Amino acid sequence: MPTTYLEAIREGLWEEMERDANVFLIGEDIATYGGAFKVTAGFVEKFGEMRVVDTPISESAIVGASIGASLMGLRAVAEMQFSDFITCGFDQIVNFAAKCRYRWNAPVPMVVRAPSGGGIHGGPFHSQNPEMWFVRTPGLKVVTPATAYDAKGLIKSAIRDNDPVLFFEHKGLYRRIKEDLPPEPYTVPIGKARIAREGRDLSIITYGAMVWVALEAAGKLAEEAIEVEVVDLRTLLPLDRKTVCESAKKTSKVLLLHEDTRTGGMAGELAATLTETVWDDLDGPIVRVTAPDTPVPFSPPLEEAFLPNAEKVIEKARWLFRY
Amino acid sequence: MPTTYLEAIREGLWEEMERDANVFLIGEDIATYGGAFKVTAGFVEKFGEMRVVDTPISESAIVGASIGASLMGLRAVAEMQFSDFITCGFDQIVNFAAKCRYRWNAPVPMVVRAPSGGGIHGGPFHSQNPEMWFVRTPGLKVVTPATAYDAKGLIKSAIRDNDPVLFFEHKGLYRRIKEDLPPEPYTVPIGKARIAREGRDLSIITYGAMVWVALEAAGKLAEEAIEVEVVDLRTLLPLDRKTVCESAKKTSKVLLLHEDTRTGGMAGELAATLTETVWDDLDGPIVRVTAPDTPVPFSPPLEEAFLPNAEKVIEKARWLFRY
Amino acid sequence: MSTAELIVPPTRTQDAGPAEIARKCLYYMCQMREVEDRIERKLYRQGKIVGGVYVGRGQEAVSVGTAVLAAPEDVLFPSHRDMAALLIRGVTPGQVFAQYMGRVGGVTRGKDGNMHMGDLKLNIVSIISAMAASVPVAAGAALALRYQAKNHIVFCYFGDGATSRGDWHEGLNFAAVQKLPVVYICNNNQYAYSTPVARQMSCANVADRGPAYGIPVEIVDGNDVLAVHEAGRRAVEHARAGKGPYLLECKTFRMTGHSAHDAADYVPKHLWDEWAKLDPITRLEARMRDQGWATEAELDALHARIRGEVDEAVAWAEKSPYPDPATLLEDVYEAW
Amino acid sequence: MSTAELIVPPTRTQDAGPAEIARKCLYYMCQMREVEDRIERKLYRQGKIVGGVYVGRGQEAVSVGTAVLAAPEDVLFPSHRDMAALLIRGVTPGQVFAQYMGRVGGVTRGKDGNMHMGDLKLNIVSIISAMAASVPVAAGAALALRYQAKNHIVFCYFGDGATSRGDWHEGLNFAAVQKLPVVYICNNNQYAYSTPVARQMSCANVADRGPAYGIPVEIVDGNDVLAVHEAGRRAVEHARAGKGPYLLECKTFRMTGHSAHDAADYVPKHLWDEWAKLDPITRLEARMRDQGWATEAELDALHARIRGEVDEAVAWAEKSPYPDPATLLEDVYEAW
Ligand SMILES: Cc1ncc(C[n+]2csc(CCOP(=O)(O)OP(=O)(O)O)c2C)c(N)n1
Ligand SMILES: Cc1ncc(C[n+]2csc(CCOP(=O)(O)OP(=O)(O)O)c2C)c(N)n1
Ligand SMILES: [Mg+2]
Ligand SMILES: [Mg+2]
């Protein structure tokens, strides 16, 4: 039976909790209620209250307590009810967790799970893509799975990782995508991108929910005999610059795509990486398709205009192909 | 008599407080003590306790109260004792202040002054360059003056601006640079870059303290007959893409320089802007000179290795020039 | 659009007699109930609502009993179950429905949704989603009012769960140190989403937190609107007299799930039954009949009138267009 | 390097008699004083110190009187004026000097400076600069200790000013709800940088904040190390018995500027004079002489010994090299 993206995360958490008694969950409404999105439904019944800890509305305490427990040898998996609230625990993440190892050799093996992304009419505070607040912070790892397979494999790797990992799960994918997962346990390594579709004319480099938009666009462009390669970054930090650059070398043309707003987005880091590394191999400008520089609007026609989609990608890709 | 960078900010604040009774200051130890760096020394004596408000150690309350007062028609100028602590008021800045106008047409004319930057052996929590946490947040403006003239002119513009402005003043420049300022009042517009030195062979695009590093490098490169143009961005958001692109068009080669760490830094946004806008005019890869991806180390030899300097710039610039 | 004036005295209740206060409170409690019922139980199920729905069913006495005390220049910071604070201020039910449907006629023109409503002309500041983020902002508004030498005060609303947040602490502490004119109104409805108050804090009452800020507190039956009003009057007088903040804890119960999609199975059944008996509207109506402040016929007329107003408002909202996608890029910054 | 064993009983004081406790406390108070005097008054002025200097002169009884109660497996979260907590745990004065001079011999190998010292092998967690950020982290450490079914507890230190921060509130609230084994030790030294406590909070005591979390509190003369020790013992027993957190407020005074570059002109002169009379070391020595716990000659020998140890430690630190720039890129992540 195919497994949803949400169910895949749930399975990954469950397996890791069974495998390692040091893993525990912490967050708001995650125990009795099973979490706002029900990712952890049934966990407290199985693993008990000591390992599935409901907290007050205190994101800074959630992150801080995760750090403290992880310093003492546990592996905390914190849930933000929505990734938008991660800003309330920001100092703990970027100043405490991110810098412990560098400063005093103290590993902080924790994960912050944060449901992010738009397309669900959540408005300005339930739709954000907060990844870039963290990609610019050395000491953190940032993971953004696009598929159910990767969501499961990456949450498992994140939990086993000995550094703090931010795990941005896309709300819009939770129940929208499914696939058959291997019955045996597996992990997906952090820091490795994936070629989601091979092609030789043009590379679309993207991550998260936009991988599906890129694939949709690639499918339509194939009908016009434009063969698009889609690179799914999977991890934003540490960035798999090698795979990105190899794809660019192969196709010579790059379109960068993200759901996040434009200025200061991931596309910038990719553009800089590409021009400093494979400049001579590029046959046209690096172009961006992103959300515009606004808060995420609430009303459906506005949000639709805000979000990148296959049409917007196709238009830019055609232009670049002909360049 | 030449005015220091610090004194210039002080003058700007003073003039605006004299000019507009709605302007007030708020922060830790800014009244009696005059601020950790003494920027506001003497202000409470002149303007009184209602306009120079000492607060508890509560960055979120400082920013939040600034928002509230600004919504009611005042113009708050908040001081973070060090910009590193801005993470403690992060949600208020990026979610409350940044989005009010968009969401419900409510202007938030406030300024957050934040002493930032390294080179003073401040270690991981007194040396950071936090600008990129904000450049990626639509609704904010981000200002990073490099000269005393600009520091004064920009703090005045920031106070008069009807949107929330983050004003990153570089601690390393406070007392290190001086210049003669015009006796008559002036402002410097937000959103306009400045050509700090003209040149035709290569553009260095930078901001803040690194403008001085760029100028030092440009001076030495001139001896080798490499004529470098130095663009001082002054404002990072909204970004003056026009001036950046014009300089690149003119010189065809671009070196991006910032004190901030590399991944997710301002150079990324600039690289993306350049390749999507002036691709055809570029004659070589866009290269970066930045701090490496680590926390800011404390010990002098480590910090020296961490910070960009003229030698590192010169080496890269020579390579690019010959490319 | 509102015909409230017919039945509701247009003045604030600060100086009104008990019958008048009761009538005014009843009107707004019923209006809030009807507006929210329509949203949660009808429009939401019809798929006409965009996004989440959070209502204050059973808690109407909290926002009504306090917000009627506000002068028009007092600044209100309603939270997500304080619909009446908006209605009393003059936000129309039509604007509320349009807001919930993502139409231009909504308070935020489609840019934001549900209870995120604010209007500076009405001295209402919009919440953001992060619980308690308004608390430091309210202190800043009070700072401005004091500096402007206005005799106005701030009404700052929040739930029990919000008091766990760092912002709540920083905001109250700063306001207390500065002796700012803020009335804090806590709806302690026993739950924060699925989390009962005993898992949220280990003191018995939110009011037990007042001494940490050296500010006076009062606990009141949050389902008795006249009691809330009385306590609110003391709080308002304290703040307006320049004596600093005041914390009012209203004990109540959330007679619904956390949001429209939450069946709230985690709430023990007996609690629903017990609190249903304490419904603030039923209680006020009984009181009014007992005291002779209203006849059954008058009450019926009131309900009918409100239903009519709400029908009209829904119709108006449904006619309001969706925002033009071209407005997407507007108002990020001041236009230059 | 330390010859502490000669004079200091190697066991914790939990089960020691008063003379023994006094001797142990005196040793560490004097060691802290000498180490910090050397840093602030000598090395800093000689330009040998990198970065800022924050010392706990006059407050030594707070960290000494409590930290001597800790079992080696108890986890300590010292703040920036709790040098003795580090020394008692086994951080050597040499490591401290090297830390302040940015040498590889420092606790953080030159990566961080001044009081940012932590060592997981010693169960000491390093602060970050942001005041009170350790408070939620301490709760997490206690959560782990409880889960691991260890009978160990957490000692969490902070100043009066830190209690204004949201993190302080969130951390205490969470620990209280979870009944975690944390002893909170507040050095209320009347100032946060230049800000007197009355501009920091509007309650009279930090202890007045305990009821907001339903936790027991105790106020103690923070310049009387034996009183601190006694109160600390009660706090430790409470936490170790699984009864949850305990808040100890130690009233003291910062007999120095906020940091080495601060002349502290904002402190009224009479306060310096008054508190100088209450110096915790002088007081303890007088008590020891009175009680016959130590002779003048023994005290002199102690001071001489400590000076000698510190001389040695400074010399050791000055010989410690600066870190190799090649280490700049190390330890951002686990090496793969
Ligand atoms: C900082 C933050 N974390 C989490 C949430 C998600 N959330 C929305 S409402 C709510 C419960 C609020 O409880 P309370 O303050 O008691 O208000 P009530 O809903 O009971 O009126 C939660 C956890 C949020 N809005 N903000
Ligand atoms: C979040 C934060 N804001 C500001 C500062 C700057 N700062 C360093 S120490 C200090 C005063 C601390 O006062 P208190 O907590 O009473 O400790 P004390 O220094 O008196 O021991 C301040 C404001 C900081 N370290 N962290
Ligand atoms: Mg509640
Ligand atoms: Mg203090």
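So, the coordination of the magnesium ion (ligand 3)
Residue and element names in this part refer to chain C. Those donors, Asp160 (OD), Asn189 (OD1) and Tyr191 (O), are the protein atoms that reach the magnesium ion (ligand 3), and they lie 2.1 to 2.2 Å from it. Here the donor residues of the magnesium ion (ligand 3) are spaced in sequence according to D-x28-N-x1-Y. Taken together, the positions of aspartate 160 in the loop between β2 (154–159) and α7 (166–177) and tyrosine 191 in strand β4 (residues 191–192) put the pair 31 residues apart, joining distant regions of the chain. Of the two residues, aspartate 160 and tyrosine 191, neither departs from the other in class, the shared state being buried.

Observations regarding the site of ligand 2
Among the 22 residues in the neighbourhood of ligand 2, the closest are listed as Glu59(B), His80(D), Arg81(D), Gly161(D) and Tyr191(D). At the site occupied by ligand 2, nearby residues are drawn from chains B and D. In the environment of ligand 2, a nitrogen atom lies 3.1 Å from a nitrogen or oxygen atom belonging to the backbone of Met131(D). A distance of 3.1 Å separates an oxygen atom of ligand 2 from a polar atom in the side chain of Asp160(D). Across the shell around ligand 2, the residue classes break down as 9 nonpolar, 8 polar and 5 charged.

Notes on the domain arrangement of chain A
All names here are of chain A. According to the domain assignment, chain A consists of domain 1 (3–179) and domain 2 (194–322). Each of domain 1 and domain 2 has a C-alpha centre, and these two points are 26 Å apart. The interface of domain 1 with domain 2 comprises 29 residues on the first partner and 23 residues on the second. When domain 1 packs against domain 2, close to 2100 Å² is buried across both sides, 59% of that on carbon and sulfur atoms. The largest share of the area that domain 1 buries against domain 2 comes from His121, Met132 and Thr144, three residues that together contribute 25% of it. Seen at the junction of domain 1 and domain 2, the total is 2 salt bridges. When the shortest N-O distance is used, the salt bridge between aspartate 150 and arginine 194 registers 3.5 Å. Our count for the domain 1 to domain 2 interface comes out at 12 residue pairs in polar contact (both at pLDDT 80 or more). Contributing elements (two or more residues each) for the side of domain 1 that touches domain 2: α6 (132–135), β6 (141–143) and α7 (148–160). Among the residues forming the side of domain 1 that touches domain 2, the class breakdown is 13 nonpolar, 13 polar and 3 charged.

Basis of the calculations
- Residues numbered from 1 in each chain as written.
- Chains lettered and ligands numbered in written order.
- Predicted model: local features only at pLDDT ≥ 70, side-chain atom pairs only at ≥ 80, totals over all residues.
- Heavy atoms only, no water.
- Donors = N, O, S within 2.8 Å, 3.2 Å for Na, K, Ca; no water.
- Helix = DSSP H or I, 4+ residues; strand = E, 2+ residues; numbered from the N terminus.
- Buried < 20%, exposed > 50% of the residue type's maximum accessible area, 1.4 Å probe, protein only.
- Near = heavy atom within 4 Å.
- Polar contact = N/O pair within 3.5 Å; in protein donor to acceptor, adjacent residues only side chain to side chain.
- Nonpolar A, V, L, I, M, F, W, Y, C, P; charged D, E, K, R; others polar.
- Domains from an automatic or database assignment.
- Contact = heavy atoms within 4.5 Å.
- Buried area = accessible area lost by both parts, 1.4 Å probe.
- Salt bridge = Lys/Arg side-chain N within 4 Å of Asp/Glu carboxyl O.

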